[in-house]
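# Analysis of the macromolecular model
Residues per chain are reported as follows:
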Amino acid sequence: MIENIIKLHNWNLPTVCPACGSELDINENHTRIFCTNNCCPSKLSGTILKWTDVQKIKELGLTTIQTIQDNGLFMTVSGLYKDQEKGDTVLSPILGKNWENIKKEINSHKKMTLAKLIAGYNISGIGEKQIVKIISAKKIENLEGFVGENPYRFVCDGIGEILSEKLHSGIVKNIEDMRETLKYVEITEEEKVEGKLTGKSFCFTGAMEYKRSDLQKMVKENGGENFDDVKKGLTYLVMQDLNSTSGKANKARKQGTEMITVEQFLDMIK
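In short, a report on the structure. (Residues numbered from 1 in each chain as written. Predicted model: local features only at pLDDT ≥ 70, side-chain atom pairs only at ≥ 80, totals over all residues. Heavy atoms only, no water.)

## Brief notes about the sheet that holds strand S6 (residues 225-226)
To be explicit about the condition: By the convention used here, strands pair only if DSSP detects at least 2 bridges between them. Helix and strand assignments come from DSSP, with helices taken as H or I runs of at least 4 residues and strands as E runs of at least 2, each series counted from the N terminus.
Taken in spatial order, the 4 strands of this open sheet run S6-S5-S7-S8, and their pairing is parallel. The sheet terminates laterally at S6 and strand S8 (258-260), the two strands that pair on one side only. Note: strand S5 (residues 201-204) against S6, 2 bridges, orientation parallel. Paired with Ser-201 across the strands is Glu-225, a residue of S6.

## A look at unusual backbone geometry
In the Ramachandran plot, Glu-59 falls in the positive-phi region, its phi being about 75° despite a non-glycine side chain. The topology assignment puts Glu-59 in the loop between helix H2 (41-54) and helix H3 (62-70). The residue Asn-122 is not glycine, and still its phi comes out positive at about 60°. Within the secondary structure, Asn-122 is located in the loop between helix H8 (114-119) and helix H9 (128-138).

## A word on the nonpolar core
Side chains that are nonpolar tend, in soluble globular proteins, to be buried together. Here is the rule: Joining through side-chain atoms within 4.5 Å is the link that ties buried Ala, Val, Leu, Ile, Met, Phe, Trp, Tyr and Cys residues into a set, and such a set is a nonpolar core. For each residue, the accessible area found with a 1.4 Å probe, counting protein chains only, is set against the maximum for its type, and the residue is called buried under 20%, exposed over 50%, and partly exposed in between. By definition in these notes, contact holds between two residues if any of their heavy atoms fall within 4.5 Å.
Trp-51, Phe-74, Ile-118, Phe-146 and Leu-167 are the most contacted members of the largest nonpolar core, which has 38 residues in total. Looking at this core, the elements that each hand over two or more residues are H2, H3, helix H4 (79-82), helix H7 (97-107), H8, H9 and helix H10 (161-181). In this structure Phe-74 touches Ile-48, Leu-60, Ile-68, Gln-69, Gly-79, Leu-80, Asp-83, Trp-99, Ile-102 and Ile-106, once residues within four positions along its chain are discounted.

## Structural notes on the pattern of salt bridges
To be explicit about the condition: When a carboxyl oxygen of Asp or Glu is within 4 Å of a side-chain nitrogen of Lys or Arg, the pair counts as a salt bridge.
Under the criterion given, the structure shown has 11 salt bridges. Put simply, Lys-129 and Asp-228 hold a salt bridge, and the shortest N to O gap is 3.4 Å. Taken together, the positions of Lys-129 in helix H9 and Asp-228 in the loop between S6 and strand S7 (236-238) put the pair 99 residues apart, joining distant regions of the chain. Overlapping salt bridges, with partners in common, bring together Lys-82, Glu-180 and Lys-183 in one network.

## Side note on the pairing of S5
Inclusion rule: Handedness of a crossover: with both strands directed away from the viewer, a clockwise path from the first strand across the helix to the second marks it as right-handed.
Residues of S5 alternate between two faces, with Ser-201 and Cys-203 on one and Phe-202 and Phe-204 on the opposite face, all of them buried. For the crossover from S5 across helix H11 (residues 212-221) to S6, the handedness is right-handed. Across 3 bridges, S5 lies against S7 in parallel orientation. Residue pairing for S7: Phe-202 is matched across the bridge by Tyr-236.

## Comments concerning H7
Rules: By definition, the arc is the one covered by directions from the helix axis to the C-beta atoms.
If you check which residues of H7 are buried, you get Trp-99, Ile-102, Lys-103, Glu-105 and Ile-106. The arc that holds every buried residue of H7, seen down its axis, measures 165°, which confines them to one face. Relative to its buried face, H7 has exposed residues pointing more than 90 degrees away, namely Lys-97 and Lys-104. Residues of H7 that are buried in the fold lie against H3, H4, helix H5 (84-90) and helix H6 (92-95).

## With respect to the packing of aromatic side chains
The following threshold applies: We call Phe, Tyr and Trp rings a pair once their centres come within 6.5 Å, taking the six-membered ring for Trp, and we label the pair stacked below 30 degrees between planes, edge-to-face above 60, and tilted otherwise.
Within this structure, the stated rule accounts for 7 aromatic pairs. Measuring from ring centre to ring centre gives 5.7 Å for Trp-51 and Tyr-121, while their planes differ by 75°; the resulting arrangement is edge-to-face. Here Trp-51, found in helix H2, pairs with Tyr-121, found in the loop between H8 and H9; they are 70 residues apart in sequence, far enough to count as distant. For Trp-51, a relative accessible area of 0% puts it in the buried group.

## Describing the side chain of Asn-174
Here Asn-174 lies in helix H10. Looking at Asn-174, the relative accessible area reads 13%, which means it is buried. If we skip the residues at most four places from it in the chain, Asn-174 touches Tyr-121 and Ile-123.

## As for H3
Looking only at H3, the buried set comprises Ile-65, Ile-68 and Gln-69. Considered in projection along H3, the buried side chains sweep an arc of 95° and stay on one side of the axis. Turned more than 90 degrees off the buried face of H3, the exposed positions are Thr-63 and Asp-70. Following H3 by one or two positions, Gly-72 has its phi on the positive side, about 85°.

## Brief notes about the environment of Thr-198
Test applied: Pairs of N or O atoms within 3.5 Å make up the polar contacts considered here, provided that, within protein, one atom can donate a hydrogen while the other can accept it, and that residues adjacent in sequence are counted only when both atoms are side-chain atoms.
Looking at the secondary structure, you find Thr-198 in the loop between strand S4 (186-187) and S5. Among the residues examined, Thr-198 registers a relative accessible area of 32% and is labelled partly exposed. Expressed as a C-alpha distance, the spacing of Thr-198 and Gly-224, which sit 26 residues apart in the sequence, is 4.8 Å. Excluding residues that lie within four positions of it along the chain, Thr-198 makes contacts with Val-193, Asn-222, Gly-223 and Gly-224. Reaching out from Thr-198, the side chain makes a polar contact with the side chain of Glu-194 at a distance of 3.5 Å.

In structure tokens form, the structure reads like this:
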């Protein structure tokens, strides 16, 4: 496919992976080139790096991960936990005291939510936020609740067919290692925050002085809930211009959702 794209658009694109020499491909939107080899060293190190980022594990940068994988360890997420004893023999002479710090850091982050477990597997386009939505909408209680044959079973508010297919493919690819990882980690419930915004939901729309991600973080920290769209149950639509005639604004007026400014929102949590 990538060779056809090169000929069609006269693009100067690589056709083989610089890390493993395997064939490269391009996604449907022509926005990302990827290696077709699932055992590509770059992919393997990227997955481990994603896991450490999601679980907030320090001491493991990309260079260190690649050094460890060059010695045949930490090739999978479960390997972070299974390979530690072997690492005492193989890696201790190479990494010295850093190896003990690495083990300590990994083992201090064994408790995580189900959303963090799945988000840590570096499935393209799927992050913790999307997983949380699916868990809530589909009433999923454990990892096995994500297993199934229908690739569109995750479709819900904010999750379309494309994302559902991506998650389905990611689960199929990683489920065995996810099950193995569960032997070493503990799944915990997401901590519910009680605060000034408990029981209230917010949707932010339009250009604002503040970053939307920062405002959504404030909502979560104060016990509220974030919506990506105007829908039934939404408490407030937050916008810079209350006279806006955008689709979300008109929908909010139609269903009777209260519209407030960013300043009014900030006053709620002062």
